[in-house]
Structure formats: C-alpha cells, structure tokens
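# Architecture and fold: a report
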There are 2 protein chains.
Amino acid sequence: MRVWHDEVVRPDGAPGIYGVIHFANVAVGVVALDDAGRILLVGQHRYTLDAYSWELPEGGVNPGEDPLGGAQRELLEETGYRAAEWRELLRFTTSNSIADETGVLFVATGLTAGVAQPDGTEELAVRWLAFDEALAMVDRGEITDAISQIGLLRVALERAADGR
Amino acid sequence: MRVWHDEVVRPDGAPGIYGVIHFANVAVGVVALDDAGRILLVGQHRYTLDAYSWELPEGGVNPGEDPLGGAQRELLEETGYRAAEWRELLRFTTSNSIADETGVLFVATGLTAGVAQPDGTEELAVRWLAFDEALAMVDRGEITDAISQIGLLRVALERAADGR
C-alpha cells in the first residue's frame with residue numbers, strides 16, 4: 001500500500017492536490033454456501049477498528065494470482081474449505097474518493113472440509129450460520145464490513161427472486 | 001487522512017507492524033427516492049480510478065456535523081435536493097483490513113428540487129433513474145462504488161419484501 005500526492009488542475013481551474021492510496025492487491029470475498037443454505041463466516045479482531053468483526057472469508061490477491069485463485073486460496077487458508085463450484089457475483093471499488101482498491105466477490109458451493117491454514121497475523125474463528133441469520137446480523141449492525149454486506153445483500157436478493 | 005504504523009505483538013507471538021489509514025470523517029451516502037420509485041444518481045470522474053463513476057450522493061461528515069446533517073448537506077450540495085423524510089438504512093466500514101473508515105447510509109424521501117452547490121473540486125452530473133435500472137447497473141458492473149452498491153442492494157431487498 002502506497003500513498004501518492006498528485007498536483008492537478010481542479011474542475012474549476014484552480015490548482016489542487018489529490019491524494020491517492022494505492023492498493024497493490026485486488027480484494028476478494030467469498031459467499032460460501034452449503035446445501036442446507038448455511039453460510040460460512042470468519043470472525044477476527046480488526047486492529048483498524050479495535051473491534052471484533054464477523055465477515056465473509058476475504059483477503060488480497062497475491063502477485064501472480066488471478067482473483068478466482070486468490071479467493072480459492074483465502075477460503076482454504078481461513079476456513080479449510082475447498083469448493084467444487086465457483087461463480088463471480090460482483091465487482092466493486094471500496095473507497096473511491098481516496099483509494100484505488102478494487103475487489104471481486106464470488107459464490108462458492110459444493111464445499112468439502114479440510115484444515116485451515118491461517119498465517120501468523122490472523123487469529124480466526126469460523127462459523128456456519130443460517131443465511132437469513134447472517135443477513136439479520138447486517139441489519140442489526142453486527143456485520144459492518146462493506147465487502148461482506150455487498151455479498152450477503154446480493155445473494156439475499158437472488159434468494160428473494162427465487163422465492164426463498 | 002493520516003497513516004499510522006504501530007508496532008504490535010501478532011496473534012502468533014511474533015513482533016509485527018500494523019499500518020492503519022486513519023479517516024478524519026465519517027462517510028455518508030443517500031438513497032434518494034421520489035414518489036414514482038426513481039432514484040437520484042450522481043456522476044463524476046473519480047481521480048483515484050481514472051474512471052467515470054455513477055454513485056449515490058455521498059461525502060464526508062464535516063467537523064461539528066452529525067451523520068444525518070452531513071448527509072443532508074451532501075444531498076443539497078451535490079444535487080440541489082432537500083428531503084422531508086430521512087431514515088437511517090445501514091452502518092458500514094469500508095476497508096477494515098487497513099483503514100478505520102466508517103459510514104452511514106440514509107434513505108431520503110419527500111424530495112423538493114433546488115440549486116446544486118458543488119465545491120470547486122467536483123464536476124457532477126445528476127440523473128434520475130428507475131430504481132430497477134440503477135440496480136441493473138450494479139449487476140452490469142456500471143455502478144462499482146461499494147457504498148452505492150450497499151444502499152441499492154439493501155433498498156432492493158426491502159422492495160422485494162414488499163412485492164415490488
């Protein structure tokens with residue numbers, strides 16, 4: 001992550017300085033669903049907010065990976081699960097007034113359990129939850145992470161269209 | 001906006017450095033709806049992404065303002081509209097792996113038109129769109145801004161629950 005400051009001409013013609021926080025990695029998030037309609041959430045203390053946060057499995061794409069490969073690796077590392085089916089759900093930008101971070105959400109199904117491989121900077125809890133309960137956590141302010149909210153809300157809309 | 005680096009003990013006991021991008025202002029976004037179910041979108045070139053972006057009216061809360069006051073001011077400045085009814089929709093955090101930015105989304109109805117007052121750093125287009133068309137822009141990758149996606153998807157879910 002780097003911070004740039006560029007001298008520019010503003011739309012009104014005056015000189016200005018724009019700061020851009022440059023993200024080296026694309027963000028990925030995974031809506032991992034089992035056949036019973038449950039969703040996999042990951043809990044961790046977020047240092048930035050000094051708060052415990054329940055979220056989708058998420059992370060950054062490594063150099064040389066594509067977003068799908070990064071999503072598959074993050075799901076495996078954080079939860080131990082592999083998925084047979086993957087589909088892209090949505091692309092997004094997180095803080096476009098000051099940062100160039102982009103991200104991709106995937107839906108993963110056909111899950112098989114394995115052993116999680118968190119790195120040393122992460123202390124993670126993993127939890128299966130009924131999908132509607134996870135959605136209720138968004139409304140109760142218990143899931144605040146934007147990427148998680150987008151993934152949960154977009155899939156909730158699909159489920160509503162299917163009459164679930 | 002400031003960047004902090006803190007020396008910490010990681011969960012695995014090893015020393016580590018956490019960087020936190022500190023945001024001085026809470027973000028606000030407004031889902032502004034008219035009686036015909038149309039939504040107000042704002043278009044602008046986003047310097048960070050070097051791309052044109054259609055979004056909800058959004059901005060940062062000024063010192064001394066509460067989020068509702070900031071949302072009302074941003075809607076007025078960017079679009080010229082005032083709203084008779086306001087309700088809080090959702091709270092969120094944008095990039096919690098590296099930043100402490102938080103935000104609040106509101107739904108604004110009972111709109112009356114006035115004169116927009118963009119500041120010198122903004123060159124904005126304003127557009128009314130059928131709500132479902134704005135939602136389709138999310139799915140087509142034409143609305144990528146996370147705050148806008150959360151607001152649109154959350155209201156879409158309300159509309160689905162109401163059978164619209």
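Definitions and cut-offs
- Residues numbered from 1 in each chain as written.
- Chains lettered and ligands numbered in written order.
- Predicted model: local features only at pLDDT ≥ 70, side-chain atom pairs only at ≥ 80, totals over all residues.
- Heavy atoms only, no water.
- Salt bridge = Lys/Arg side-chain N within 4 Å of Asp/Glu carboxyl O.
- Buried < 20%, exposed > 50% of the residue type's maximum accessible area, 1.4 Å probe, protein only.
- Helix = DSSP H or I, 4+ residues; strand = E, 2+ residues; numbered from the N terminus.
- Least-squares fit on C-alpha atoms with pLDDT ≥ 70 in both.
- Pairing = 2+ DSSP bridges.
- Axes fitted to C-alpha atoms, helices over the stretch in contact; angles between N-to-C directions.
- Core = buried A, V, L, I, M, F, W, Y, C linked by side-chain atoms within 4.5 Å.
- Contact = heavy atoms within 4.5 Å.
- Expected span 1.5 Å × (residues − 1).
- Polar contact = N/O pair within 3.5 Å; in protein donor to acceptor, adjacent residues only side chain to side chain.
- Phe/Tyr/Trp six-rings, centres within 6.5 Å; stacked < 30°, edge-to-face > 60°.

## Side note on the pattern of salt bridges
All names here are of chain A. Under the criterion given, the structure shown has 20 salt bridges over all chains. Across the pair Arg73 and Glu65 runs a salt bridge whose closest N-O atoms are separated by 2.5 Å. Overall, Arg73 belongs to the buried group, its relative accessible area being 17%. Take Glu65: its relative accessible area is 24%, and that puts it in the partly exposed class. Residue Arg87 pairs with Glu158 through a salt bridge whose shortest N-O separation is 2.7 Å. Note that Arg87 is positioned in strand 7 (residues 82–93) and Glu158 in helix 3 (residues 146–161), a separation of 71 residues in sequence. Its relative accessible area of 22% is what places Glu158 among the partly exposed residues. Overlapping salt bridges bring together Glu65, Arg73, Glu74 and Glu77 as one network.

## A look at the relation of the copies chain A and chain B
Superposing chain A onto chain B requires a rotation of 180° together with a translation of 0.0 Å along the rotation axis, leaving an RMSD of 0.0 Å. In symmetry terms, the pair is related by a two-fold rotation axis.

## Let's talk about the sheet that holds strand 3 (residues 27–32) of chain B
Residues and elements named next belong to chain B. With mixed pairing, the four strands of this open sheet are ordered in space as 6-3-8-7. Of all the strands in the sheet, the pair left with one neighbour each is strand 6 (58–60) and strand 7 (82–93). Geometrically, the sheet is characterised by an average inter-axis angle of 25° between neighbouring strands, direction not taken into account. Sheet topology places strand 7 next to strand 8 (residues 102–112); ten bridges connect them, and they run antiparallel. Each bridged residue has a counterpart across the sheet, and for Arg91 the counterpart in strand 8 is Val104.

## A few points about the sheet that holds strand 8 (residues 102–112) of chain A
Residues and elements named next belong to chain A. Strands sit in the order 6-3-8-7 across an open sheet of four strands; the sheet is mixed. Strands at the two margins of the open sheet, each flanked by one partner only, are strand 6 (58–60) and strand 7. Mean inter-strand twist for the sheet, computed between neighbouring axes without regard to direction, equals 25°.

## Concerning the nonpolar core
By size, the foremost hydrophobic cluster in this structure holds 54 residues, and its most contacted members are Ile39 of chain A together with Ile39 of chain B. Ignoring any residue separated from it by four or fewer positions in sequence, one finds Ile39 of chain B in contact with Val31, Ala32, Leu33, Leu56, Arg127, Trp128, Leu129, Ala130, Phe131, Ala134 and Leu152 of chain B. In terms of nonpolar packing, the next biggest core, distinct from the first, is built from 14 residues, Val28, Val61, Phe106 and Ala108 of chain A among them.

## Here's the deal with the environment of Leu56 of chain A
Along the chain, Leu56 of chain A turns up in the loop between strand 5 (51–55) and strand 6. Residues Leu56 of chain A and Val104 of chain A lie 48 residues apart in sequence; the distance between their C-alpha atoms is 12 Å.

## Points about helix 1 (residues 67–79) of chain A
Residue and element names in this part refer to chain A. Here helix 1 spans 18 Å end to end across 13 residues, near enough to the 18 Å set by a 1.5 Å rise per residue. Among the residues of helix 1, Gly70, Ala71, Arg73, Glu74, Leu75, Leu76, Glu77, Glu78 and Thr79 are the ones counted as buried. The elements touched by buried residues of helix 1 are strand 3 (27–32), strand 4 (38–46), strand 6, strand 7, strand 8 and strand 9 (125–130). The positive-phi residue at the C-terminal boundary of helix 1 is Gly80, with phi of around 85°.

## Remarks on the side chain of Arg154 of chain A
Within the secondary structure, Arg154 of chain A is located in helix 3. For Arg154 of chain A, a relative accessible area of 12% corresponds to the buried category. A distance of 2.7 Å separates polar atoms of two side chains, one belonging to Arg154 of chain A and the other to Asp139 of chain B. When sequence neighbours within four positions are dropped, the list of residues in contact with Arg154 of chain A reads Leu89 and Leu90 of chain A together with Asp139 and Leu153 of chain B.

## Brief notes about the packing of aromatic side chains
Under the defined criterion, the tally for this structure stands at six aromatic pairs over all chains. Consider the rings of Tyr81 of chain A and Trp128 of chain A, whose centres lie 5.4 Å apart with planes at 90°: the pair is edge-to-face. With a gap of 47 residues between them, Tyr81 of chain A in the loop between helix 1 and strand 7 and Trp128 of chain A in strand 9 connect regions that are remote in the sequence. When its relative accessible area of 16% is taken as the criterion, Tyr81 of chain A is described as buried. Centre to centre, the rings of Trp86 of chain B and Phe106 of chain B are 6.2 Å apart; their planes meet at 75°, and the pair counts as edge-to-face. Placement of the pair is Trp86 of chain B in strand 7 and Phe106 of chain B in strand 8, with a sequence separation of 20 residues.

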